[in-house]
Each structure stands twice: as structure tokens, then as C-alpha cells.
Amino acid sequence: MRNDCERPSSNRETGGITILVALMLLVFITLTAVGMSRNSFREVVISGTTRQGALARNVADSGVEWSIYWMTLENAPYAAGPSAKLKDLKATLLATPSLSGRSWNVMSTDLTAPSIYNPQSATQAVTLDPITTSGGTTVTQGYAIGLTSMGKMLVTNMSQGLGSGAFAPATGNESKQAPDLWAVRSDARVGVGAVSFVHAKELWISTPVQ
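Residues numbered from 1 in each chain as written. Predicted model: local features only at pLDDT ≥ 70, side-chain atom pairs only at ≥ 80, totals over all residues. Heavy atoms only, no water.

Chemist: Pulling in residues and values, what's your account of the side chain of Gln141?
Modeler: Mapped onto the elements, Gln141 comes out in strand E3 (residues 138-152). Separated by 2.9 Å, the side chain of Gln141 and the backbone oxygen of Asp129 make a polar contact. Ignoring anything within four residues of it in the chain, the contact list for Gln141 reads Leu55, Val59, Gln124, Thr127, Leu128, Asp129, Ile131, Arg189 and Val190. (Helix = DSSP H or I, 4+ residues; strand = E, 2+ residues; numbered from the N terminus. Polar contact = N/O pair within 3.5 Å; in protein donor to acceptor, adjacent residues only side chain to side chain. Contact = heavy atoms within 4.5 Å.)

Chemist: Report on the pattern of salt bridges, specifying residues and quantitative values.
Modeler: In total, this model carries 3 salt bridges according to the counting rule given. Between Lys152 and Asp180 there is a salt bridge; the shortest N-O distance is 3.0 Å. Of this pair, Lys152 sits in strand E3 while Asp180 sits in strand E4 (residues 180-192), placing them 28 residues apart in sequence. Assessed through its relative accessible area of 23%, Lys152 is described here as partly exposed. Taking the relative accessible area as the measure of exposure, Asp180 reaches 7% and is therefore buried. (Salt bridge = Lys/Arg side-chain N within 4 Å of Asp/Glu carboxyl O. Buried < 20%, exposed > 50% of the residue type's maximum accessible area, 1.4 Å probe, protein only.)

Chemist: Run through the nonpolar core, naming residues and quoting values.
Modeler: The biggest cluster of nonpolar side chains holds 30 residues, and the ones touching the most others in it are Trp66, Leu147 and Val190. It is helix H1 (residues 7-71) that provides the largest number of residues to this core, a total of 7 residues. Sequence-distant contacts of Val190, that is, excluding residues within four places in its chain, are made with Gln52, Leu55, Ala56, Val59, Val139, Thr140, Gln141, Val195, Ser196 and Phe197. (Core = buried A, V, L, I, M, F, W, Y, C linked by side-chain atoms within 4.5 Å.)

Dropping the structure here:
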């Protein structure tokens with residue numbers, strides 16, 4: 001003889017297990033959704049950081065190119081403002097060999113006795129126009145410049161020029177006509193709100209004798 005009185009208890013147990021499994025699936029789906037949203041937010045942050053970092057590198061490159069442009073003999077006569085300070089510092093370093101081998105701040109207040117270049121506290125030589133993003137954030141940008149005189153360029157086993165007094169370092173002696181060697185350092189700073197991105201670029205260049 002079959003006892004039907006046990007069915008309600010069995011149905012209740014089945015219903016309880018179904019609810020428990022549904023709750024577990026709901027928790028799992030919720031955790032997955034939260035994890036995916038956090039990953040998406042992290043990717044957005046990384047993308048923004050990469051963009052601002054690339055902008056800082058570009059600004060540092062601009063500083064080096066700016067220095068090269070105004071250190072050439074053809075452009076120096078037209079220098080004004082910060083570029084005039086760069087031209088004057090170059091002349092000071094050429095006239096004072098004892099200052100060679102150290103980096104000096106282009107924006108020194110007294111270029112007859114320039115201050116040692118400190119990237120952390122140096123005044124920016126050039127402040128570029130700020131950028132306003134689509135979200136309304138203002139991005140400031142600029143670069144500071146340090147200049148080092150490395151003396152005469154070492155050129156050996158070759159000759160250059162013709163006639164009396166031509167540059168001929170093949171003799172092994174130092175020539176006063178050898179090109180001047182410089183180390184230019186550009187420290188860029190890009191500010192996005194309270195966050196700053198920095199990047200340094202250094203390049204060695206040579207300039208003809210003045």
C-alpha cells in the first residue's frame with residue numbers, strides 16, 4: 001500500500017534546493033559582472049595613462065628640437081625671451097671652459113654665473129598652450145632645459161676643409177676649429193588635474209665654431 005503523505009515533504013526539499021541553486025547562480029553572475037566592470041574601468045585608466053605618457057614624451061622631444069633650433073648660428077640672431085637665454089648661456093659656456101662638464105639651467109637669472117640644472121626645481125623654459133579634453137579637464141604642458149658644454153668634438157683619422165688653417169684633426173692635435181659638442185636635456189611635465197606625468201630626453205649635438 002503506497003503512502004502519499006510523504007510527497008509534500010519531498011516537494012518542499014526539491015523547491016528548497018532549486019532556490020539555493022538559483023541564489024548561488026545569482027551571486028556568481030553578480031560577481032562576474034562586478035569583475036568585468038572593474039576590468040573595463042582599469043582598461044580605461046590604463047588607456048588614459050598611456051595617452052598622457054605619450055604626450056609627455058612628445059613634449060620632451062619638442063624641448064630637444066627647440067634647443068637645437070635656437071642653438072644654430074642661422075637662427076640665434078632672431079632669438080628672444082627663453083631662446084635668447086639659451087643663446088646667451090651657450091655663449092657663456094663657450095667663453096668659460098671651467099663650466100664644461102656640468103649641466104646648467106637655461107633659465108638662470110644670472111647667466112654670467114648660471115645655476116646648476118635641477119630637473120625637479122628648474123623653471124620651465126617653455127610653457128605650451130594648455131589642452132582642454134572632451135570631459136572638460138585642463139592639461140598643462142611645458143619643458144625645462146639643461147645645457148652642458150662637452151668641449152670640442154673628438155674627430156680623428158680624417159681631414160676637413162682645404163687651404164691654410166683648415167680643420168685637419170688627423171694630426172692628432174686638438175684643433176680650435178673642431179665643432180663644439182653639447183648635451184641637451186629636456187624635462188617635460190604634463191599636468192592632468194592633480195596628476196603630473198614627467199619624461200626626460202637627452203641628446204648630444206655638435207655645432208660649428210662661432
